[in-house]
Amino acid sequence: MPNTLNRVPIPKNGVDYRGKVVLAPMVRSGELPSRLMALKYGADLVWGPETIDRALIGASMRTNPRNSTLEFTRTPSNGGRSKEESSNNSSTEKENVIYRLHPTLESRRLIFQLGSASPALAVQAATLVAPYVTGIDLNSGCPKPFSTSGGMGAALLSTPDLLCDILSSLVKEVGNKFEIGISVKIRLLSTPEETRALVERLVTTGITGLTIHCRTRSMRKGERAIREQLKMIGEICREAGVACLVNGDVDDRDHGIRLAEEFAVDGAMIATAAETNPSIFRAKADGGKADWKEVCAEYMRVAMEVENRWGNTKFLLAQMMPGKEQGRRGLSQAKNYEHVCRILELDEQMIEKGRALDELLGMTNRETKSTQKAQQQQKMGAAEKGQGKRSKAKVKEKEKQMKRPAEQEEKSTAEIADKVVAEDIKEDDRQAKRQKVDDQVRRSRSRSRTPGHSVEYVAEVRQEPAQSAVTA
């Protein structure tokens, strides 16, 4: 990895990104258990998931007495629930956890990624979390509606004046005050000239680091990363003394180091590969990638220790467990932690911990009800089963109509964000299915031309009209 004497000073409580292989900010896949797993297997730094400024502003901070984690929470209205329902839920369930971090295990290696389209709101939100992290990173690369609909994420690439104003404000009012670094994560623009012009402006704002995701705004993660502009970006950053990380199609730690050396940048950021197996941060010389069973067992231990949200735990296990494994089907039907511990054939101590956490989270009866329902359906005849389904559907629809006003009132910014992200995940799945066809087309063309030079070429391969990389 390149070295240079010209460097922006690293604040006392900050960290230099040079020589680092780090975990990328990922919605759902960047929660506390995933970050701790990445650090366990050798990640030098970890980025948390993008958190919107307005979601953090007004949140309360508490220390979880059971595991010493810090939790930023928001309390929704009662939402029409009865007193009995409210009393049966734990305090954890009543409050939405916007962000959770572990001050002992990760805070000096944790970069908080902020979503914002306002200098004032960015400063206000970053000030709340700055004492507990080692850096603030502004998301200027996420192309999903969750970010861009409010002018945040990749939408900031179209408003460079605003983007630079936000970074300058963060450096002046947060970075200098708390002595931590401010950085930014961006994507490629439609032409090298536009990318160069933007990067040249960004490195003058006082930031200590810049991550370049080697895809344009219109590209999805299933499309191959474009690295032709990487050396140019690294050179601009190096001349300004700003550390530069490469992101996009980085397979593991060793691959990230090779890319950094090949393209003369300072380090690498890993996303998708770490989602499926966080042990990819371990160098091959130190043992390399671990077996999925080992990784899943350790992930369960960490997730239960920090009381991770059940839906998030189940989602991550589904990414780490191979699709053809016998337990994969059981995982899709699992309703709580105890059930998953049994599916993974973990020891009795882990099963007991799972049972205790289920009780804390109010999920102790979920598996029993599911099992009873399955048994009843097996005994029913085809006609009777169909009639039962129609009756239950009517009852459920009535219940939804009664609960809908209350649910709408209760939804917080974080919950709405989860819904949008879930829709985007479905889109990612569709893109993944198309990837196999795309790869076959690219391989057939690779002998006659060099792929990945432009957005127009990507569009040609997929037989779609090219679109501007900076339009919404």
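Position labels on residues start from 1 in each chain and follow its written sequence. Local features in this predicted model are restricted to residues of pLDDT 70 or higher, and side-chain atom pairs are both shown and tallied only at a pLDDT of 80 or more, whereas totals for entire chains, interfaces and linings draw on every residue. Hydrogens and waters are ignored; side-chain quantities use all the structure's heavy atoms.

Rolling a probe over the atoms, with the probe sized like a water molecule, indicates the empty space that remains. Using protein atoms alone on a 1 Å grid, points that fit a 1.4 Å probe yet trap it form a cavity, whereas open point sets bounded by protein on both sides within 12 Å along at least five of seven lines form a pocket; residues with an atom within 4 Å of a point count as lining. Grid points are joined across faces, edges and corners, and a volume is the space filled by probe spheres set on the points. The full count for this structure, using the stated rule, is one cavity of 30 Å³ or more. Roughly 70 Å³ of volume is contained in the largest cavity. Lining the largest cavity are Leu-23, Met-26, Ser-29, Ser-34, Met-37, Ala-38, Ala-274, Glu-275, Pro-278, Tyr-299, Leu-316 and Met-320. Strands here are runs of E lasting at least two residues and helices are runs of H or I lasting at least four, both read from the DSSP assignment and numbered beginning at the N terminus. Listing elements by their share of the lining of the largest cavity, those giving two or more residues are α1 (32-40), α11 (272-276) and α13 (310-320). Tallying contributions element by element places α1 first for the lining of the largest cavity, with three residues. Note that Gly is not counted as nonpolar here; it falls among the polar residues with everything else outside the nonpolar set of Ala, Val, Leu, Ile, Met, Phe, Trp, Tyr, Cys and Pro and the charged set of Asp, Glu, Lys and Arg. Of the residues that constitute the lining of the largest cavity, the class distribution is nine nonpolar, two polar and one charged.

Moving on, we get to the sheet that holds strand β4 (residues 60-63). The pairing of strands in a sheet comes from backbone hydrogen bonds and takes either a parallel or an antiparallel form. Each pair of strands is called paired provided DSSP finds at least two bridges between the two strands. Taken in spatial order, the three strands of this open sheet run β4-β5-β6, and their pairing is antiparallel. The open sheet has two edge strands, β4 and β6 (96-101), and neither has a second partner. Direction aside, neighbouring strands of the sheet carry axes that sit 30 degrees apart on average. Only C-alpha atoms enter the line fits that serve as axes; for helices the fit covers just the stretch in contact. Angles between N-to-C directions range over 0 to 180 degrees.

Looking now at the pairing of strand β8 (residues 135-140). Remark: a regular strand shows side chains that alternate across the two faces of the sheet. Burial classification: accessible surface area is computed with a 1.4 Å probe over protein chains only, and a residue below 20% of its type maximum counts as buried, one above 50% as exposed, and the rest as partly exposed. Counting buried residues along β8, six of its six residues qualify, which places the element largely inside the surrounding structure. Covered by surrounding structure in β8 are Gly-135, Asp-137 and Asn-139 together with Ile-136, Leu-138 and Ser-140, the residues of both alternating faces. Relative to β8, strand β7 (residues 110-115) runs parallel, the two being bridged by four bridges. Residue pairing across strands places Ile-111 opposite Gly-135, the latter belonging to β8. Consider the strands pointing away from the viewer: the crossover is right-handed when the path from the first strand over the helix to the second runs clockwise. Taking the sense of rotation as the criterion, the β-α-β connection linking β7, helix α5 (residues 119-129) and β8 turns out right-handed. In this sheet, strand β9 (residues 181-188) lies alongside β8 in parallel orientation, the contact comprising six bridges.

A few words on the packing of aromatic side chains. The description of two aromatic rings rests on the distance between their centres and on the angle between their planes. What counts as a ring pair is set by centres within 6.5 Å for rings of Phe, Tyr and Trp (its six-membered ring), and what kind of pair is set by the plane angle: stacked under 30 degrees, edge-to-face over 60, tilted for all other angles. A full pass over the atoms with the stated rule returns four aromatic pairs. With 6.4 Å between their ring centres and 65 degrees between their planes, Phe-72 and Tyr-132 make a pair best called edge-to-face. Of this pair, Phe-72 sits in strand β5 (residues 70-74) while Tyr-132 sits in the loop between α5 and β8, placing them 60 residues apart in sequence. You can call Phe-72 buried: its relative accessible area is 3%. Among the residues examined, Tyr-132 registers a relative accessible area of 25% and is labelled partly exposed. Note on Trp-310 and Tyr-337: the rings are 5.2 Å apart at their centroids and 65 degrees apart in plane angle, and the pair reads as edge-to-face. Here the residue Trp-310 occupies a position in helix α13, and Tyr-337 occupies one in helix α15 (residues 337-343), the gap between them amounting to 27 residues. Like Trp-310, the residue Tyr-337 is buried in the burial classification. Over the face of the ring belonging to Phe-315 we find Arg-28, whose NZ or CZ atom lies 3.9 Å from the ring centre. Two thresholds decide whether a charge sits over a ring: the Lys NZ or Arg CZ must be within 6 Å of the ring centre and within 35 degrees of the ring normal.

Most of β5 is tucked away, with four of its five residues classed as buried. Relative to β5, β4 runs antiparallel, the two being bridged by four bridges. Counted as the bridge partner of Met-61 is Phe-72 from β5. With antiparallel pairing between neighbouring strands as the criterion, β4 and β5 make up a hairpin whose turn holds six residues, including Ser-68 at a positive phi of roughly 65 degrees. Relative to β6, β5 runs antiparallel, the two being bridged by five bridges. Residue pairing across strands places Thr-73 opposite Val-97, the latter belonging to β6.

Of all the residues in α5, the buried ones are Leu-121, Ala-122, Val-123, Ala-125, Ala-126 and Val-129. Here, two residues are considered to be in contact whenever any of their heavy atoms come within 4.5 Å of each other. Looking at the buried side of α5, the elements it contacts are α2 (53-56), β5, β6, β7, β8 and α7 (160-178).

As used here, the term nonpolar core means buried Ala, Val, Leu, Ile, Met, Phe, Trp, Tyr and Cys residues forming a set that is joined through side-chain atoms within 4.5 Å. In terms of nonpolar packing, the biggest core is built from 85 residues, with Ile-136, Leu-202 and Leu-210 touching the most fellow members. Looking at this core element by element, the count peaks at eight residues for α7. Excluding residues that lie within four positions of it along the chain, Leu-202 makes contacts with Leu-163, Cys-164, Leu-167, Val-184, Ile-186, Ile-207 and Leu-210. Leu-32, Cys-296, Val-306 and Trp-310 belong to the second-largest nonpolar core, a separate cluster that totals 33 residues.

What follows is about the packing of helix α12 (residues 292-305) against helix α16 (residues 348-361). Pairs of packed helices are described in terms of their axes, by the angle between the two and the distance that separates them. Here α12 crosses α16 at 40 degrees, and the two axes come no closer than 10 Å. Our pair here, α12 against α16, has a crossing hand that is left-handed. Residues Ala-297, Met-300, Arg-301 and Met-304 of α12 lie in contact with α16, whose contacting residues are Met-350, Lys-353, Gly-354 and Leu-357. In the contact of α12 with α16, the residues fall into five nonpolar, one polar and two charged. Two helices crossing with the near one rotated counterclockwise from the far one by less than a right angle form a left-handed crossing, whereas a clockwise rotation gives a right-handed crossing.

In this fold, Glu-31 is placed in the loop between β1 (21-23) and α1. Put simply, Glu-31 and Trp-47 are 16 residues apart on the chain and 9.3 Å apart in space, counted from C-alpha to C-alpha.

Here the focus is the confidence of the model for the protein chain. Averaged over the protein chain, the pLDDT score is 82; the fraction of residues at 70 or greater is 72%. Confidence drops under a pLDDT of 50 for residues 78-93, and excluding neighbours within four residues, the segment shows 18 contacts in the predicted structure. Looking at any residue, its pLDDT shows the predictor's confidence there, from 0 to 100. Low pLDDT, under 50, characterises residues 447-472; the stretch is placed with 40 contacts to residues that sit more than four places away or in other chains.

Considering the arrangement of structural elements, one finds Asp-358 in helix α16. His is not counted, nor are the chain ends, whereas Lys and Arg count as positive and Asp and Glu as negative. The working definition used for a salt bridge is a side-chain nitrogen of Lys or Arg within 4 Å of a carboxyl oxygen of Asp or Glu. Look at Asp-358: it is buried, it has no salt bridge, and the nearest opposite charge is Arg-355 at 7.2 Å. Any N or O atom pair separated by 3.5 Å or less is treated as a polar contact, with the protein-specific requirement of one donor-capable and one acceptor-capable atom, and with residues adjacent in sequence counted only for side-chain atom pairs. Looking at Asp-358, its side chain comes within polar contact range of the main-chain nitrogen of Tyr-337, at 2.9 Å. With near-sequence residues (within four places) excluded, Asp-358 lies in contact with Asn-336, Tyr-337, Glu-338, Met-363 and Thr-364.

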